[in-house]
Amino acid sequence: MNNFRILRIKKKDSNLKNFLETINEKNFLLNKSFDNTPWIHFGNPNFEFFKIIIKKKIIGIVVIIKLKLNTHLQFFYISYKYRSKGLGKKVLRKLLP
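In this report, we go over the structure that sits alongside the text. (Residues numbered from 1 in each chain as written. Predicted model: local features only at pLDDT ≥ 70, side-chain atom pairs only at ≥ 80, totals over all residues. Heavy atoms only, no water.)

## Regarding the overall build of the protein chain
Then, in step 1: Helix and strand content of the protein chain: two helices and four strands.
Then, in step 2: Reading the protein chain from its N terminus to its C terminus gives the helix and strand order β-α-β-β-β-α.
Then, in step 3: For 97 residues, the compact-globule formula gives about 13 Å, and the C-alpha radius of gyration of the protein chain, at 13 Å, lands near that figure.
Then, in step 4: Its C-alpha atoms give the protein chain principal-axis dimensions of about 35 × 30 × 25 Å.
Then, in step 5: In the protein chain, buried positions account for 35% of the 97 residues.
Then, in step 6: Here the protein chain contributes 21 positively and 5 negatively charged side chains, and the mean placements of these two sets differ by 10 Å. (Helix = DSSP H or I, 4+ residues; strand = E, 2+ residues; numbered from the N terminus. Rg over C-alpha atoms; globule rule 2.2 N^0.38 Å. Buried < 20%, exposed > 50% of the residue type's maximum accessible area, 1.4 Å probe, protein only. Lys, Arg positive; Asp, Glu negative; His and termini not counted. Charge placed at Lys NZ, Arg CZ, Asp CG, Glu CD.)

As structure tokens, then:
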């Protein structure tokens, strides 16, 4: 699973909205709406939003909070069919210090 890219999310667009609508797990249902976390922090310079892309398709989202002394993983979601393949570990190694 080396054929992925991590790109910054620059705006709330239809591709992102379409991806969020595919989320069905109970624990993530609140995060589907742009009216809830993490999306309410979009534009806050401490928050960095990333999308994980495979074959031009969003398959995951990562949101990181950068503070003065440390960095926190605020939100991490990978589509069900891409889980348990080591992708999450690779993404976190690239994004977190």
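## A closer look at helix H2 (residues 87–95)
Then, in step 1: For H2, every residue scored as buried is listed here: Leu87, Gly88, Val91 and Leu95. All buried residues of H2 fall inside an arc of 95 degrees around its axis, so they share one side. Looking at H2, the residues exposed on the side facing more than 90 degrees away from the buried face are Lys89 and Arg93.
Then, in step 2: Check the buried side of H2 and you find it contacts strand E1 (5–8), strand E2 (47–54), strand E3 (57–66) and strand E4 (71–78). (Arc of directions from axis to C-beta. Contact = heavy atoms within 4.5 Å.)

## Re the sheet that holds E1
Then, in step 1: In space, the four strands of this open sheet follow the order E1-E2-E3-E4, with antiparallel pairing throughout. Only two strands of the sheet have a single partner each, and these edge strands are E1 and E4. Shown here is a sheet whose adjacent strand axes are inclined to one another by a mean of 25 degrees, direction ignored.
Then, in step 2: Bridging between E2 and E3 involves eight bridges; their strand directions are antiparallel. Within E3, the position partnered with Phe47 by the bridge is Ile65.
Then, in step 3: Here helix H1 (residues 14–21) sits on the sheet in contact with E3 and E4, set at roughly 95 degrees to E3.
Then, in step 4: Relative to the sheet, H2 contacts E1, E2, E3 and E4, its axis offset from that of E4 by approximately 150 degrees. (Pairing = 2+ DSSP bridges. Axes fitted to C-alpha atoms, helices over the stretch in contact; angles between N-to-C directions.)

## Observations concerning the packing of aromatic side chains
Centre-to-centre distance and the angle between the planes together describe a pair of aromatic rings.
Then, in step 1: Following the criterion strictly, the structure yields seven aromatic pairs and no others.
Then, in step 2: Judged by centre distance (6.0 Å) and plane angle (80 degrees), the ring pair of Phe28 and Phe75 falls under edge-to-face. Linking Phe28 in the loop between H1 and E2 with Phe75 in strand E4, this pair joins segments that are 47 residues apart in sequence.
Then, in step 3: Owing to a relative accessible area of 6%, Phe75 belongs among the buried residues under this scheme.
Then, in step 4: Centre to centre, the rings of Phe34 and Trp39 are 5.7 Å apart; their planes meet at 90 degrees, and the pair counts as edge-to-face.
Then, in step 5: Assessed through its relative accessible area of 23%, Phe34 is described here as partly exposed.
Then, in step 6: Here Trp39 falls in the buried class, since its relative accessible area comes to 0%.
Then, in step 7: Taken together through their ring pairs, the aromatic side chains of Phe34, Trp39, Phe42, Phe47 and Phe49 make up a single cluster. (Phe/Tyr/Trp six-rings, centres within 6.5 Å; stacked < 30°, edge-to-face > 60°.)

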